[in-house]
Amino acid sequence: MSTPDPGNDRPLVVVTGASSGIGAASARALAADGWHPVLGARRLERLEQLADEIGATALELDVTRADSVAAFAAAVRELVGPTRPLRGLVNNAGGAQGTETVAEADEEKWRWMWESNVLGTMRVTKALLPLLLDSGDGHIVTITSIAALEVYDGGSGYTSAKHAEGALHRTLRGELLGQPVRLTEIAPGAVETEFSLVRFGGDETRAAKVYEGLEPLVAEDVAEVVAFAMNRPSHVNLDTIVLKPRAQATGMRFHREGSQG
Ligand SMILES: NC(=O)c1ccc[n+]([C@@H]2O[C@H](COP(=O)([O-])OP(=O)(O)OC[C@H]3O[C@@H](n4cnc5c(N)ncnc54)[C@H](OP(=O)(O)O)[C@@H]3O)[C@@H](O)[C@H]2O)c1
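Residues numbered from 1 in each chain as written. Predicted model: local features only at pLDDT ≥ 70, side-chain atom pairs only at ≥ 80, totals over all residues. Heavy atoms only, no water.

- In the nomenclature of an unreviewed UniProt entry, the protein chain is known as NADP-dependent 3-hydroxy acid dehydrogenase YdfG of Actinomycetospora cinnamomea.
- The UniProt entry for the protein chain carries this comment under Sequence similarities (unreviewed entry): "Belongs to the short-chain dehydrogenases/reductases (SDR) family." (UniProt positions renumbered as here; feature names shortened; annotations may be inferred.)

Right, dumping it as structure tokens:
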């Protein structure tokens, strides 16, 4: 664990899944904007490297395990002080596994997707909500996906998990109305990260095909939106933001160079 500068009084923001892709880029963007990110993921070594680079705190976190989330929340509580409230949470940890049809559904992959995207987001949010409310000006950003808004063939495990994660996040908007916390759902289309590599079990050729012939979003494109939403004045709540590459119309419909799509 990297320890923060004790004199540091920047507001804290927890970013889950900060060891890669959108989470790492969001932590970078938020640090540059004066936040102190608390980075959570399973690959601690990667988090520590990033924490050293941007001035953040790295803590091991597996959102699929209740004991890991409890230990993480306890460590975050220790970091909070009168001049250093927990003002932000970016629920980003998650991902997809496989593209099987419902007829061929793989229960283990479904369980992984539901545990990491849905139950993980619920666990971390529940554990950190009291600290966010105590800050007097909290903000929860959840990275869902356009898969939270539409379905596609072969995507049911992921789209159902992202729909559920979106439902959980949007429910909070009503349940917490009148309390000092904002809620922003960010729903990206195709972003070139380790996402497809994870989805296809490490198959680099298959992962690269997803982005062939088009310019996908990069993690920094999403991170800029995260930071923009979080840096609005307290009375401004950006509810839902959808961003896609220009070459993407829907979850599965792309324009690729050399194709009519
Ligand atoms: N890339 C896209 O096209 C795209 C589009 C829309 C939405 N999204 C969503 O954006 C989020 C970030 O994905 P990404 O594209 O940045 O993919 P990525 O590069 O694979 O990053 C995923 C992050 O989630 C973390 N993670 C996975 N399981 C975890 C667990 N059990 N506990 C804690 N952390 C866990 C990973 O860290 P460790 O492995 O170190 O734990 C990693 O830091 C995901 O929720 C994904 O569904 C991605």
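So, next bit.
## Notes on the nonpolar core
Generally speaking, a soluble globular protein has its nonpolar side chains buried in company with each other.
Thought 1: Leu30, Leu39, Val90, Ile186, Val226 and Met230 are the most contacted members of the largest nonpolar core, which has 34 residues in total.
Thought 2: Elements supplying a minimum of two residues to this core: β1 (12–16), α1 (21–32), β2 (36–41), α2 (44–54), β5 (138–143), α8 (219–230) and β9 (240–243).
Thought 3: Non-local contacts of Met230, meaning those with residues more than four positions away in its chain, are made with Val13, Leu30, Trp35, Gly88, Leu89, Val90, His139, Val141 and Arg182.
Thought 4: Grouped together as the second largest cluster of nonpolar side chains are 24 residues, Leu59, Val69, Leu86 and Leu128 included. (Core = buried A, V, L, I, M, F, W, Y, C linked by side-chain atoms within 4.5 Å. Buried < 20%, exposed > 50% of the residue type's maximum accessible area, 1.4 Å probe, protein only. Helix = DSSP H or I, 4+ residues; strand = E, 2+ residues; numbered from the N terminus. Contact = heavy atoms within 4.5 Å.)

## Focus on the sheet that holds β1
Thought 1: Within the open sheet, the seven strands sit side by side as β3-β2-β1-β4-β5-β6-β9. Their pairing is parallel. Each having just a single partner strand, β3 (57–60) and β9 make up the two edges of the open sheet. Within the sheet, the average angular offset between the axes of one strand and its neighbour, ignoring direction, is 15°.
Thought 2: Note that β2 and β3 share four bridges and pair parallel. Within β3, the residue paired with Leu39 across the bridge is Ala58. (Pairing = 2+ DSSP bridges. Axes fitted to C-alpha atoms, helices over the stretch in contact; angles between N-to-C directions.)

## Some remarks on the pattern of salt bridges
Thought 1: Applying the stated criterion across every chain yields a total of 13 salt bridges.
Thought 2: Ionic pairing is found between Lys109 and Glu100, a salt bridge with its closest N-O pair at 2.7 Å.
Thought 3: Residue classification places Glu100 among the partly exposed residues on the basis of a relative accessible area of 27%.
Thought 4: One salt-bridge network, in which partners are shared between bridges, spans Arg43, Arg46 and Glu194. (Salt bridge = Lys/Arg side-chain N within 4 Å of Asp/Glu carboxyl O.)

## Brief notes about the packing of aromatic side chains
Each aromatic ring pair is summarised here by two numbers: the centre-to-centre distance and the angle between the ring planes.
Thought 1: With the rule as written, the count across this model stands at one aromatic pair.
Thought 2: Seen from the ring of Phe254, Arg256 lies directly overhead, with NZ or CZ sitting 4.8 Å from the centre. (Phe/Tyr/Trp six-rings, centres within 6.5 Å; stacked < 30°, edge-to-face > 60°. Lys NZ or Arg CZ within 6 Å of the ring centre and 35° of its normal.)

## Remarks on empty space enclosed by the protein
Thought 1: Applying the stated criterion across every chain, the model contains two cavities of 30 Å³ or more.
Thought 2: Roughly 70 Å³ of volume is contained in the largest cavity.
Thought 3: Together, 15 residues line the largest cavity, and Gln97, Gly98, Glu100, Met113 and Gly157 are the ones closest to its centre.
Thought 4: Of all elements in the fold, only α4 (107–134) and α5 (156–175) reach the threshold of two or more residues within the lining of the largest cavity.
Thought 5: By volume, the second largest cavity amounts to about 40 Å³.
Thought 6: Around the second largest cavity, the lining residues are Thr16, Val63, Asn91, Asn92, Ala93, Ser116, Gly120, Thr121 and Val124.
Thought 7: Residue contributions to the lining of the second largest cavity peak at four residues, all from α4. (1 Å grid on protein atoms, 1.4 Å probe; cavity = no way out; pocket = protein on both sides within 12 Å on 5 of 7 lines; lining within 4 Å. Points joined across faces, edges and corners; volume = space filled by probe spheres on them.)

## Some points on the packing of helix α3 (residues 66–79) against α4
Thought 1: Relative orientation of the contacting elements α3 and α4 amounts to 20°, with a least axis distance of 9 Å. As judged from the angle between their axes, α3 and α4 are roughly parallel. Where α3 crosses over α4, the handedness of that crossing is right-handed. Between α3, through Ala66, Val69, Phe72, Ala73, Val76 and Arg77, and α4, the contact on the second element is made entirely by Arg123, Val124, Ala127, Leu128 and Leu131.
Thought 2: A breakdown of the residues in the contact of α3 with α4 according to their chemical character gives nine nonpolar, no polar and two charged. (Parallel < 35°, antiparallel > 145°, perpendicular 65-115°, else oblique. Left-handed = near helix turned anticlockwise from the far one by under 90°. Nonpolar A, V, L, I, M, F, W, Y, C, P; charged D, E, K, R; others polar.)

## Looking at the side chain of Thr142
Thought 1: With respect to the element layout, Thr142 can be found in strand β5.
Thought 2: A polar contact is formed between the side chain of Thr142 and the side chain of Asn91, at a distance of 3.4 Å.
Thought 3: Setting aside anything within four residues of it in sequence, one finds Thr142 in contact with Asn91, Thr121, Glu165, His169, Thr184, Glu185 and Ile186. (Polar contact = N/O pair within 3.5 Å; in protein donor to acceptor, adjacent residues only side chain to side chain.)

## Observations regarding the layout of surface pockets
If you roll a probe as big as a water molecule over the atoms, it shows you where there is empty space left.
Thought 1: Roughly 1,100 Å³ of volume is contained in the largest pocket.
Thought 2: The wall of the largest pocket is formed by 50 residues, among which Gly94, Gly95, Tyr158, Thr193 and Phe195 lie closest to the centre.
Thought 3: When contributions to the lining of the largest pocket are tallied by element, the ones reaching two or more residues are α1, β2, α4, α5, α6 (195–199) and α7 (204–210).
Thought 4: With four residues, the single largest contributor to the lining of the largest pocket is α6.
Thought 5: Its residues assigned to classes, the lining of the largest pocket comprises 21 nonpolar, 20 polar and nine charged.

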